[in-house]
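Read off the chains here:
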Amino acid sequence: MNNNTPEVLISEEAIQTRVLELAEQISADYDSADDLVMVGVLKGSFIFLADLARRLSIPRTIEFIAVSSYENGSVSSGAVRLLMDVRGNIEGKHVLIVEDIVDTGHTLKYLIGMMKSHRPASVRTAALVRKAESAEVDVDVDYLGFDIGDEWVVGYGLDYAEQNRTLPYIGVIKPTDT
């Protein structure tokens, strides 16, 4: 990665406005449910999940799951590997998978199937960004922050080689291993 500051693609203000809109929509959709479990996909979703959860007006609990499909590079291996499953019981509860980015769709499709194996009342998805042009499998995102082009993005939880996760905006970089 070059040492330049990433070029701003989505500003901090635009992100916060969209997170609030998503929180309002999710709160309305789950208004009568008292058992929403937000499942954050580590590591990338942690900032998005925290901001989204704080803005909800409904009861919710938080769980985490960890998967991997990028073997330390910028190209997905296509194979999804479970690193950590949810620790609490989600059977009969409404599950909202919270992802940082949907690229090929393989990871989210895997996660939806895996969550359904726990027999929840429902499974829906939220993603901060989606690269629709990169989709290899058809997977729906129920609550989407932003559609972006096929570029490497960092910030607001997204990283390249564990760098730039804590930027308050989403920026574009050019990875050195592509």
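Residues numbered from 1 in each chain as written. Predicted model: local features only at pLDDT ≥ 70, side-chain atom pairs only at ≥ 80, totals over all residues. Heavy atoms only, no water.

Caption draft 1: Molecular detail of helix α1 (residues 12-29). Over its 18 residues, α1 runs 26 Å from end to end, which matches the ideal 26 Å to within 8%, given 1.5 Å per residue. For α1, the set of buried residues is I15, V19, L22, A23, I26 and S27. Axial view of α1: buried residues confined to an arc of 135 degrees, hence all on one face. Opposite the buried face of α1, at more than 90 degrees from it, the exposed residues are E13 and A28. Against β1 (7-10), β2 (36-42), α2 (46-55), β5 (94-102), β7 (143-147) and β9 (170-173) lie the buried residues of α1. (Helix = DSSP H or I, 4+ residues; strand = E, 2+ residues; numbered from the N terminus. Expected span 1.5 Å × (residues − 1). Buried < 20%, exposed > 50% of the residue type's maximum accessible area, 1.4 Å probe, protein only. Arc of directions from axis to C-beta. Contact = heavy atoms within 4.5 Å.)

Caption draft 2: Unusual backbone geometry, seen in detail. With an omega of 0 degrees, the peptide bond running from L42 to K43 counts as cis. Summarising the element assignment, K43 is placed in the loop between β2 and α2. Of note in this structure, R119 is not a glycine but carries a positive phi near 60 degrees. Phi is positive for Y156, which is not a glycine, with a value near 55 degrees. Tracing the sequence through the fold places Y156 in the loop between β8 (152-154) and β9. Overall, Y156 belongs to the buried group, its relative accessible area being 3%.

Caption draft 3: Structural detail: the sheet that holds β1. Within the open sheet, the three strands sit side by side as β1-β9-β8. Their pairing is antiparallel. Strand pairing shows two members of the sheet lacking a second neighbour, β1 and β8, which therefore form its edges. Sheet twist, expressed as the mean angle between neighbouring strand axes with direction ignored, is 45 degrees. Across three bridges, β8 lies against β9 in antiparallel orientation. Each bridged residue has a counterpart across the sheet, and for W152 the counterpart in β9 is I173. (Pairing = 2+ DSSP bridges. Axes fitted to C-alpha atoms, helices over the stretch in contact; angles between N-to-C directions.)

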